[in-house]
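Structural characterization, general
One-letter residues, chain by chain:
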Amino acid sequence: NDTKELHCETVIISTGATAKYLGLESEQHYLKMGGGVSACAICDGFFYRNQEVVIVGAGDSACEEAHYLSKLCKKVTMLVRSEKFRASKIMEARVRKTENIEILMNHDTVEVLGDGQVVTGVKALNKTTNETFEIPSTGFFVAIGHKPNTDIFKDFITLDETGYIVNTPGSSKTNVEGVFVSGDAADHVYRQAITAAGTGCMAALDAERYLAGKE
Ligand SMILES: Cc1cc2nc3c(=O)[nH]c(=O)nc-3n(C[C@H](O)[C@H](O)[C@H](O)COP(=O)(O)OP(=O)(O)OC[C@H]3O[C@@H](n4cnc5c(N)ncnc54)[C@H](O)[C@@H]3O)c2cc1C
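Please read these numbers as outputs of a predicted model, since none were measured by experiment. (Residues numbered from 1 in each chain as written. Predicted model: local features only at pLDDT ≥ 70, side-chain atom pairs only at ≥ 80, totals over all residues. Heavy atoms only, no water.)

1. Some details on the site of the ligand
Selection rule: If a single non-hydrogen atom of a residue is within 4 Å of a molecule or strand, that residue counts as near it. Contacts described as polar in this section are N or O atom pairs within 3.5 Å, which, within protein, must combine one atom able to donate a hydrogen with one able to accept it, while residues neighboring in sequence count only if both atoms come from side chains. Residue-level accessible areas treat just the shown protein chains as cover; the underlying method is Shrake-Rupley with a 1.4 Å probe. Under the DSSP-based scheme used, a helix requires at least four consecutive residues in state H or I and a strand at least two consecutive residues in state E, with every element numbered from the N terminus. Gly is placed with the polar residues, together with every amino acid not listed as nonpolar (Ala, Val, Leu, Ile, Met, Phe, Trp, Tyr, Cys and Pro) or charged (Asp, Glu, Lys and Arg).
In the region of the ligand, 13 residues are neighbours, and Cys43, Asp184, Arg191, Gln192 and Ala193 sit closest. For the ligand, an oxygen atom lies 3.2 Å from a polar atom in the backbone of Arg191. In the complex, the protein chains occlude 48% of the 1,000 Å² of accessible area that the ligand would expose alone. Here the shell around the ligand takes 3 residues from helix H5 (residues 193-214), the largest share from any one element. Its residues placed into classes, the shell around the ligand shows 5 nonpolar, 6 polar and 2 charged.

Laid out in structure tokens, this is it:
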């Protein structure tokens with residue numbers, strides 16, 4: 001809270017990163033139900049094996065996740081809200097040449113459809129024709145980015161242009177002596193529990209060595 005000041009000799013920041021969602025009521029409903037909305041294809045894709053899914057996004061991560069899902073799922077429909085991908089050419093080419101990925105450019109998600117418990121489809125809007133239609137789907141993957149939970153550190157700790165904490169490569173050190181970072185707050189690449197645990201261990205060892213060096 002804002003009223004109590006705590007003093008310490010070292011700090012490990014592990015505030016993580018928050019996945020961005022579209023903010024649709026239906027999306028949030030099925031996300032909370034655990035009924036078919038996910039922001040992590042690598043984590044949850046397996047549950048949709050041999051099924052049809054929809055993914056929304058247009059960046060490198062969205063392309064990587066769509067391609068990953070295409071290896072597990074019968075069909076992947078990719079909704080891109082504008083007429084252009086934001087991904088690199090190579091990632092765009094990879095999804096474009098994957099047979100079971102259908103790319104719908106200039107399409108918005110209107111609603112995530114379901115029976116109240118699980119997702120059964122997605123209502124999409126073709127912004128070119130202004131027509132809405134339904135895509136049968138048991139999974140709705142959101143791949144529109146993450147926001148690291150680092151705003152409170154921005155005046156003290158060096159962040160990169162997207163807000164991730166910058167650490168010395170191969171260590172958990174930040175630009176401030178005695179302040180270390182672990183997990184997704186400094187990791188825009190892997191963002192997995194196992195990598196967060198690994199860097200957590202690194203930060204603990206770095207902090208311990210830092211304290212030992214002060215004795
Ligand atoms: C839907 C989903 C499924 C996933 N499935 C898997 C999976 O199957 N396998 C896998 O390896 N990974 C999975 N992940 C990724 C994994 O959850 C993360 O990589 C991991 O939790 C990151 O750990 P962390 O400690 O860095 O951050 P988090 O686990 O996000 O923890 C950060 C903590 O800091 C707290 N916090 C934030 N800001 C503040 C603040 N200002 N003050 C105090 N506390 C604060 C938060 O409340 C939270 O408790 C999944 C992620 C998502 C979103």
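What follows picks up the thread again.
2. Looking at the sheet that holds strand S4 (residues 52-56)
The condition that has to hold: Strands are treated as partners if at least two bridges between them are detected by DSSP.
Ordered in space as S3-S10-S4-S5-S6, the 5 strands form an open sheet in which the pairing is parallel. Only two strands of the sheet have a single partner each, and these edge strands are strand S3 (37-38) and strand S6 (101-105). Taken together, the 4 bridges between S4 and strand S10 (residues 139-142) define a ladder with parallel strand orientation. Its bridge partner lying in S10, Val53 is registered against Gly139.

3. Structural notes on the sheet that holds strand S9 (residues 131-136)
Test applied: The convention used is that axes are lines fitted to C-alpha atoms, helices contributing only their stretch in contact, and that angles between N-to-C directions extend from 0 to 180 degrees. Note on definitions: a residue-residue contact is assigned when non-hydrogen atoms from the two residues lie within 4.5 Å.
If you trace the 3 strands from one edge of the open sheet to the other, you get S7-S8-S9, paired in antiparallel fashion. Each edge of the sheet is formed by a strand with only one pairing partner; in this case those strands are strand S7 (107-114) and S9. Pairs of neighbouring strands in the sheet enclose a mean axial angle of 25°, with direction left out of account. Relative to strand S8 (residues 119-126), S7 runs antiparallel, the two being bridged by 7 bridges. Among the inter-strand pairings, Leu113 is bridged to a residue of S8, identified as Gly121. Taken strand by strand, helix H1 (residues 25-33) contacts S7 and S8, and its axis lies near 45° from that of S7.

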